[in-house]
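A structural walkthrough
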Amino acid sequence: YIDYLEQDMGKDRTYLSNQMKGTLLYQLNIHPVYQPYFNSEIDSAIKKVDGEKPLENRETAGLLINMDYLTSKFGAGFDKMLRDPNQAATYGLEFTADGTFPLWSGFSYILDLNLFGSRDISSYYLKTSVTNGLSYSFNSYLSVTSKYKFFHYWDGKTRQTFMNNAFSVSLDLTTDFKMF
């Protein structure tokens, strides 16, 4: 997906959102509930900020658990900055949970939780992303959704914290098609 929002204040330009993200998820369907998985994510900035355009890669493998309304992943892998700056990979653990829970006719609650923690000899950190939302479906194709997104990064070595949050409202069009 692409998430880009720019605020122009005369001479100053502020990027409220400046992210492009791609995900490749491979699941081995050997059981209806428990499935091994491999996940590869690439995150990048769309426009350069302070002369840099960071590129980050996260690859994890583990166990995916499918339930009625919730899907969870428990895995291990690495996080690596590929560009601006180029850094060595840090290895860690991943936990994700995402689901849509029906509330009453047409309304549903959306939860998306993503945690990745890493600890090695010289440093440790924790990345947390939480999205809460409420959706109303007009029919099987069209819905309106309001979401609150919260991101938190904690660096244990320097004791620095970065937080960001956003509220969005979207009109969602759902399609389903098969190519083969």
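Structure shown above.
The rules behind each value
Residues numbered from 1 in each chain as written. Predicted model: local features only at pLDDT ≥ 70, side-chain atom pairs only at ≥ 80, totals over all residues. Heavy atoms only, no water. Helix = DSSP H or I, 4+ residues; strand = E, 2+ residues; numbered from the N terminus. Buried < 20%, exposed > 50% of the residue type's maximum accessible area, 1.4 Å probe, protein only. Contact = heavy atoms within 4.5 Å. Areas by Shrake-Rupley, 256 points an atom, 1.4 Å probe, with all protein chains shown as cover. Phe/Tyr/Trp six-rings, centres within 6.5 Å; stacked < 30°, edge-to-face > 60°. Pairing = 2+ DSSP bridges.

With that out of the way, let us pick up the overall build of the chain. Counting its secondary structure elements, the chain contains 0 helices and 10 strands. Element order for the chain, N to C, with α for helix and β for strand: β-β-β-β-β-β-β-β-β-β. Expressed as a percentage of the 180 residues in the chain, the buried residues total 26%. Contacts in the chain between residues far apart in sequence, at least 24 positions, make up 39% of those at least 6 positions apart. When the accessible surface of the chain is split by element, carbon and sulfur atoms take 60% of a total near 12300 Å².

Within this structure, the stated rule accounts for 11 aromatic pairs. Here the aromatic rings of Phe-107 and Tyr-136 are separated by 4.8 Å at their centres, their planes lie at 50°, and the arrangement is tilted. Of the two residues, Phe-107 is situated in strand 7 (residues 107–119) and Tyr-136 in strand 8 (residues 124–137); the sequence distance between them amounts to 29 residues. You can call Phe-107 partly exposed: its relative accessible area is 27%. Residue Tyr-136 is classed as partly exposed on the basis of its relative accessible area of 29%. Between Phe-116 and Tyr-125, the aromatic rings sit 6.4 Å apart at their centres with planes inclined by 40°, giving tilted as the arrangement. Neither Phe-116 nor Tyr-125 differs from the other in exposure class; each is buried.

Note that strand 9 (residues 142–155) and strand 10 (residues 160–173) share 14 bridges and pair antiparallel. Looking at the pairing, Phe-150 lines up with Asn-165 of strand 10. Counted along the chain from strand 9 to the antiparallel partner strand 10, the turn is 4 residues long, and its residue Arg-159 has a positive phi close to 60°.

Most peptide bonds are trans, and most residues other than glycine sit at a negative phi. With phi around 60°, Arg-159 is a residue other than glycine that occupies positive phi space. The topology assignment puts Arg-159 in the loop between strand 9 and strand 10.

Along the polypeptide, Trp-154 turns up in strand 9. Once the C-alpha coordinates of Trp-154 and Tyr-124 are considered, the two residues, 30 residues apart in sequence, prove to be 8.6 Å apart.

Fair warning: the whole summary comes from geometry, so function is off the table for now.
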